[in-house]
Amino acid sequence: VASASRSGVALLCSGESGDSFDVCLRLSRDALTIQKLDVVCTDGSEPKANHRTVVLRRQVAGGLGLSIKGGAEHNVPVVISKIFKNQFAGKLTVTPPSWPPALFLLQVNGINVERCTHQEVVHLLRTAGDEVTITVRYLSEVPSFLKLPLGSPGLDQNQTSSPLFNSGFHLNGNNTAPPPSPSANEPKYEKRWLDAVCLPLRMARVSRRRAGSDKLRSNCFELFSPDVSSSSVLQFCSAAESSDWLQAIAANIGKLTQESIKMLNKSSSSDDQIVHMGWVCEAPENSAPCRSSAFRFLALRGPYFYIFRRPPVGATDWGKPETTYNLYEVLFKVHKLWLAEDCWLQARLFLGLHGSPEQPDGDPLCFSILVGHGQSHTFRVELASDLATWDKSFQRAVFLEVQRVGSKSYMCSSQGSVLSFTLDFGSGFTCSDVTSKAVLWRYKFSQLKGSSDDGKTRVKLLFKNADSNQIEMKELEFANLTAVLHCIHSFIAAKVASMEPGFLCGQSLAPHISS
């Protein structure tokens, strides 16, 4: 089982620009902190409030994304004269905005350039590597020489005599001028991992698939904040590393979810207890191929199976689900597993092992909820351990609900008579006349030997007579046959489970595998 805390390095991917950069991940019990590489002052005089130090990454097209003017040979400071759009130099924002930008270049990779010539600064910037750390000072007003028309457009050394000399670092070039020496009295800067984003894990969710698509990301997953207002896409060097991080984060989310359940249950009545809740992805039904997958928050609480768009926070939210179903009228089915040796995976799920193998070819881990009138919902989870948890939790919730209600009656008809069909956890099946209340027949659950239905309203139940050992057939018609059949399944399953002492400690997945 993964530890609650860990750290490592990943790539943070930007969905808008497509760029990615190294980040440091620090996973704690309650949150995932994403740290970005930044520059801090470690020695020398304190940097002033109008100073700014940033790390620029050289791009294949566009270089550093800035141009400079000035130099010591003209008795003017080196100033950033232009910032090109869509470049990393966009970090150098000016507030209030001014154009040209009023940025005085102080240091390049810790080397003071205040008394350097134009060509010395050009050489230093061009030979500084793919990542360049620069320190600038925001000027109170734009220098007058920046307001004049641009001078020489190139990097010809014969043109450096003009104070308007302009160099764009989106160009390539060579210069052999030696770089200046650092000043001992200047502030010293170094790169450090600094907290950039902190995503709380309580009620958070993860997804290995691209937004609005069923396609798996390669060695990658996305972590969403609890309110889904923000997310971070993290990419790793290998599938194994990505899986390890996914399982570690999911394990912490699971532990926090269990804590939330315990806290809510303390303030809830005995018949309104939460068995399990969490995020899933609802797959579109075959009848609606144009619909895309959507995340849903499910909860097994009291007598109901809840479907929410967002995690319920307070009592008001619990009263506004997207859909609810009576637990004993819902049938839970796990879809056929992707491995040829299904029994091997079932054994792992039964034992509660959290090492969830990645499924090949993107086959999803899914379960379905079959409800009345032939309707259904199909949900996808990220890990096999999630699938096992939902299976066990659903069986437990149905078992507890059947024990709580004790019995359930449905109106039906047979040969033109209106009847009441009752399922009783203690006694089994009973059918009585609605008008006279007279009991027409009664059987134990163990006497039910088979059934068949027309898929619409009619069902034939086959019971074994305890005295004659003969099979007796009872034909009934219901308005919502599916709900009745699911209820029969729930009561019989709960009756069988009640005879198994270890049922609530661990349930097998095998009886619920569907083709």
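First, a word on what this report is: a plain description of the structure on this page.

Quick notes on the rules
- Residues numbered from 1 in each chain as written.
- Predicted model: local features only at pLDDT ≥ 70, side-chain atom pairs only at ≥ 80, totals over all residues.
- Heavy atoms only, no water.
- Helix = DSSP H or I, 4+ residues; strand = E, 2+ residues; numbered from the N terminus.
- Buried < 20%, exposed > 50% of the residue type's maximum accessible area, 1.4 Å probe, protein only.
- Contact = heavy atoms within 4.5 Å.
- Areas by Shrake-Rupley, 256 points an atom, 1.4 Å probe, with all protein chains shown as cover.
- Expected span 1.5 Å × (residues − 1).
- Phe/Tyr/Trp six-rings, centres within 6.5 Å; stacked < 30°, edge-to-face > 60°.
- Core = buried A, V, L, I, M, F, W, Y, C linked by side-chain atoms within 4.5 Å.
- Domains from an automatic or database assignment.
- Pairing = 2+ DSSP bridges.
- Axes fitted to C-alpha atoms, helices over the stretch in contact; angles between N-to-C directions.
- Polar contact = N/O pair within 3.5 Å; in protein donor to acceptor, adjacent residues only side chain to side chain.

1. Comments concerning the overall build of the chain
Inference 1: When its secondary structure is counted, the chain shows 6 helices and 28 strands.
Inference 2: Taking all 515 residues of the chain together, 45% fall into the buried category.
Inference 3: Expressed as a percentage of contacts within the chain between residues at least 6 apart in sequence, the contacts between residues at least 24 apart total 59%.
Inference 4: In the structure as shown, the chain presents an accessible area of about 25,700 Å², 51% of it carried by carbon and sulfur atoms.

2. Description of helix α5 (residues 384-405)
Inference 1: With 22 residues, α5 extends 32 Å between its outermost C-alpha atoms, agreeing within 8% with the 32 Å of an ideal straight helix rising 1.5 Å per residue.
Inference 2: Residue Gly406 follows α5 closely and has a positive phi angle near 80°.

3. Considering the packing of aromatic side chains
Between two aromatic rings, the relevant description is the distance of the centres plus the angle of the planes.
Inference 1: Counted under the stated rule, the structure contains 22 aromatic pairs.
Inference 2: Judged by centre distance (6.1 Å) and plane angle (20°), the rings of Phe236 and Trp245 are stacked.
Inference 3: A relative accessible area of 2% places Trp245 in the buried class.
Inference 4: Taking the centre distance of 6.0 Å and the plane angle of 80° together, the rings of Tyr304 and Tyr306 count as edge-to-face.
Inference 5: For Tyr304, a relative accessible area of 33% gives the class partly exposed.

4. With respect to the nonpolar core
Most often, soluble globular proteins keep nonpolar side chains buried together rather than apart.
Inference 1: Among the nonpolar cores identified, the biggest contains 48 residues, and Phe305, Phe367, Ile369, Phe394, Phe421, Leu476 and Phe478 are the most heavily contacted of them.
Inference 2: Top contributing element to this core by residue count: α5, with 8 residues.
Inference 3: Shared between two domains, this core takes at least three residues from each, and those domains are domain 3 (268-338 + 363-403) and domain 4 (406-499).
Inference 4: Apart from the residues lying within four places of it in its own chain, the contact partners of Phe478 are Tyr410, Met411, Cys412, Phe421, Thr457, Val459 and Val484.

5. Examining the sheet that holds strand β19 (residues 331-334)
Inference 1: One open sheet accounts for 7 strands, arranged β18-β17-β16-β15-β21-β20-β19; its pairing is antiparallel. Since the sheet does not close on itself, it has two edges, and those belong to β18 (323-326) and β19, each with one partner. Across this sheet, the average inter-strand angle for adjacent strands is 30°, counted without regard to direction.
Inference 2: Examined bridge by bridge, strand β16 (residues 294-301) and strand β17 (residues 304-308) share 5 bridges and lie antiparallel to one another. Paired with Arg301 across the bridge in β17 is Tyr304.
Inference 3: On top of the sheet, α5 reaches β15 (274-283), β16, β17, β19, β20 (365-370) and β21 (376-381); it is set at about 130° to β15, its chief contact.

6. Here we look at the environment of Arg26
Inference 1: By the secondary structure assignment, Arg26 is in strand β2 (residues 20-27).
Inference 2: Along the primary structure Arg26 and Asp195 are separated by 169 residues, whereas in three dimensions their C-alpha atoms are 9.5 Å apart.
Inference 3: Dropping the residues within four chain positions of it, Arg26 is found in contact with Arg6, Ser7, Ala31, Leu32, Thr33 and Gln35.
Inference 4: A polar atom in the side chain of Arg26 sits 3.0 Å from the side chain of Gln35.

7. Side note on the pairing of strand β28 (residues 471-477)
Inference 1: Of the strand pairs in this sheet, strand β27 (residues 458-464) and β28 are connected by 7 bridges, and their pairing is antiparallel. Bridge pairing links Lys464 to Ile471 in β28.
Inference 2: Count of turn residues in the β27/β28 antiparallel hairpin: 6 residues, of which Asn469 carries a positive phi of about 60°.

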